[in-house]
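Here is what each chain is made of, one letter per residue.
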Amino acid sequence: MLQRLASHCPFSLPFTHPRFFLSFYPPFHHRRLSKPTPPLQPPTALSQTYYPTDAYQRKAIKGAYPKAKRVKRADTPLVLGAPGPLLTRPPDVRQQTHQTMQRKLRAIRGPEVTYDPAAEPRLADFIMNFEFVNTNPLRKGVVPVSEEFNAGCTCDGVCDEATCLCLSKEEDESNTNIVPYRRAPDDPHMMVLDPKFLTRKAMIYECSDRCGCNAGCWNRVVQNGRTVRLEIFYTGDRGFGLRSPDRIRAGQFIDCYTGEVITTAAADLREAIHTAHGTSYLFSLDFLNGQYEDYEEDASSSSSDEDNDEDDQDDQVTESGCKYVIDGRNFGGPTRFINHSCNPNCRMIPVSRNHADRDLYDLAFFALREIPPNTELTFDYNPGSEGGGGVGGGVVGKNAKIDPSAVRCLCGEANCRGQLWPNQRKKGVR
Ligand SMILES: C[S@@+](CC[C@H](N)C(=O)[O-])C[C@H]1O[C@@H](n2cnc3c(N)ncnc32)[C@H](O)[C@@H]1O
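Being a predicted model, the structure only gives us computed values, none of them experimental. (Residues numbered from 1 in each chain as written. Predicted model: local features only at pLDDT ≥ 70, side-chain atom pairs only at ≥ 80, totals over all residues. Heavy atoms only, no water.)

**Student:** How do you make sense of the sheet that holds strand β1 (residues 113-115) when you look at a structure like this?
**Tutor:** By definition, the strands of a sheet pair up through backbone hydrogen bonds, in either a parallel or an antiparallel sense. Strand order in the open sheet formed by three strands is β1-β6-β7, and the pairing between neighbours is mixed. With partners counted over all chains shown, the strands left at the sheet margins are β1 and β7 (240-243), one partner each. Each strand of the sheet is rotated relative to its neighbour by a mean of 25°, with strand direction disregarded. Here strand β6 (residues 230-234) runs beside β7; their pairing, made up of four bridges, is antiparallel. (Pairing = 2+ DSSP bridges. Helix = DSSP H or I, 4+ residues; strand = E, 2+ residues; numbered from the N terminus. Axes fitted to C-alpha atoms, helices over the stretch in contact; angles between N-to-C directions.)

Shown next as structure tokens:
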């Protein structure tokens, strides 16, 4: 049998090579004897000549390809002027974009986030290249401190303001706890920022899973998420803005600033690319820089180069000591639409839950005063600057020095400093 086939085939090698034969040739009882094997044709392709393959023989044995279906064209009616089903109406691009926007907005956790219908065409263009995120995606080079190093309080049930170990302490002799929250005067179920807390430059340390207190503890506000609805609208000269259809109480938590967490080196690159546009969505996580200098000196003197696992990370620290930056340009939350004002109604405050990690924490917005529904939400992008809303103040209004390369401020407030920030990244919350 082998020889019979081999005689049809111009290539003796494939058929006489036992391994090759076994790999493709069906056993005798699998072959249909009623259909004679078509005669093998000589190879036509160069590859067949120089690199013999079994393709030609496979086709021949299987009877090549199934017959093509014959279509009787004469039976197909010719209907002039009637478009096919796909062309009954042009694709509704506006409707598709609308649905995409709705889908993206629905992905945002918490009470609904909507947009002013007048802003739809502009927002549609923007949102196609933007993703809403509920948590901060950590990008290359960003390494959080493990939860194992986090310490919790030993409170039972709800925390005791006087003894809770999570709270930071006054730096005076009293060493008393700094309590960030209190009950809203008109709603005992709502915790709001204590007005006294606004007079200081401090971070909020909330309780965490490592604590003895329960989920209903008063020191868990930001981690419980947004409670107000938000609306994106178009302001005109300042681009999009954000407001809430709900009344917001003085001290109420609004939402966190979310975005990609990137290294300062990556932020420098992104900033260089976008400087020409004059827009910035970068916030440095540098609040605690300089507060741990003694600790850093001790740590560096006691660790050798070989056993320091964080060497790579330390390389990313800039002169300012800042390791990471949050970028809300392409991935972010609705708060990335909050504009600057020299007389703001909100303030951004750093909030930590993993107290061991001084480089990664939340940037939370709180209302500085009662905000009526549909009032634009604003905060001071550069509160530490001269004339900024930070404690101490400075030169305001027309007397403020304006950097010619800075982004012009269009907030229109009487105390306007004339610029958002010197032409560089926002230096975090100070
Ligand atoms: C965090 S974004 C705010 C949202 C932004 N309006 C948008 O449409 O995406 C910051 C940018 O908004 C603009 N902006 C915010 N506040 C402004 C103000 N008071 N005056 C002028 N431009 C402002 C600047 O272009 C700034 O870089």
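**Student:** How should I be thinking about the UniProt feature "domain: Pre-SET" (unreviewed entry) in the protein chain in this particular structure?
**Tutor:** The UniProt record annotates "domain: Pre-SET" (unreviewed entry) at residues 151-225. Structurally, residues 151-225 comprises 0% helix and 17% strand, and the distance from its first C-alpha atom to its last is 22 Å. (UniProt positions renumbered as here; feature names shortened; annotations may be inferred.)

**Student:** Honestly, the pairing of strand β3 (residues 181-184) in this entry has me stumped. Any pointers?
**Tutor:** As a general feature of sheets, a regular strand has side chains that alternate between the two faces. Judged from the four bridges that link them, β3 and strand β4 (residues 187-193) form a sheet pairing that is antiparallel. Residue pairing for β4: Arg 183 is matched across the bridge by Met 191. Taking the residues between adjacent antiparallel strands as the criterion, β3 and β4 are bridged by two residues.

**Student:** Sorry if this is basic, but what is going on with the site of the ligand here?
**Tutor:** Arg 238, Phe 240, Tyr 281, Asn 339 and Leu 410 are the nearest of the 19 residues found near the ligand. Within the side chain of Tyr 281, a nitrogen or oxygen atom sits 2.6 Å from an oxygen atom of the ligand. Arg 336 places a polar side-chain atom, nitrogen or oxygen, 3.1 Å from an oxygen atom of the ligand. When the free accessible area of the ligand is taken as 560 Å², the share hidden by the protein chains comes to 92%. Split by residue class, the shell around the ligand holds 10 nonpolar, six polar and three charged. (Near = heavy atom within 4 Å. Polar contact = N/O pair within 3.5 Å; in protein donor to acceptor, adjacent residues only side chain to side chain. Areas by Shrake-Rupley, 256 points an atom, 1.4 Å probe, with all protein chains shown as cover. Nonpolar A, V, L, I, M, F, W, Y, C, P; charged D, E, K, R; others polar.)

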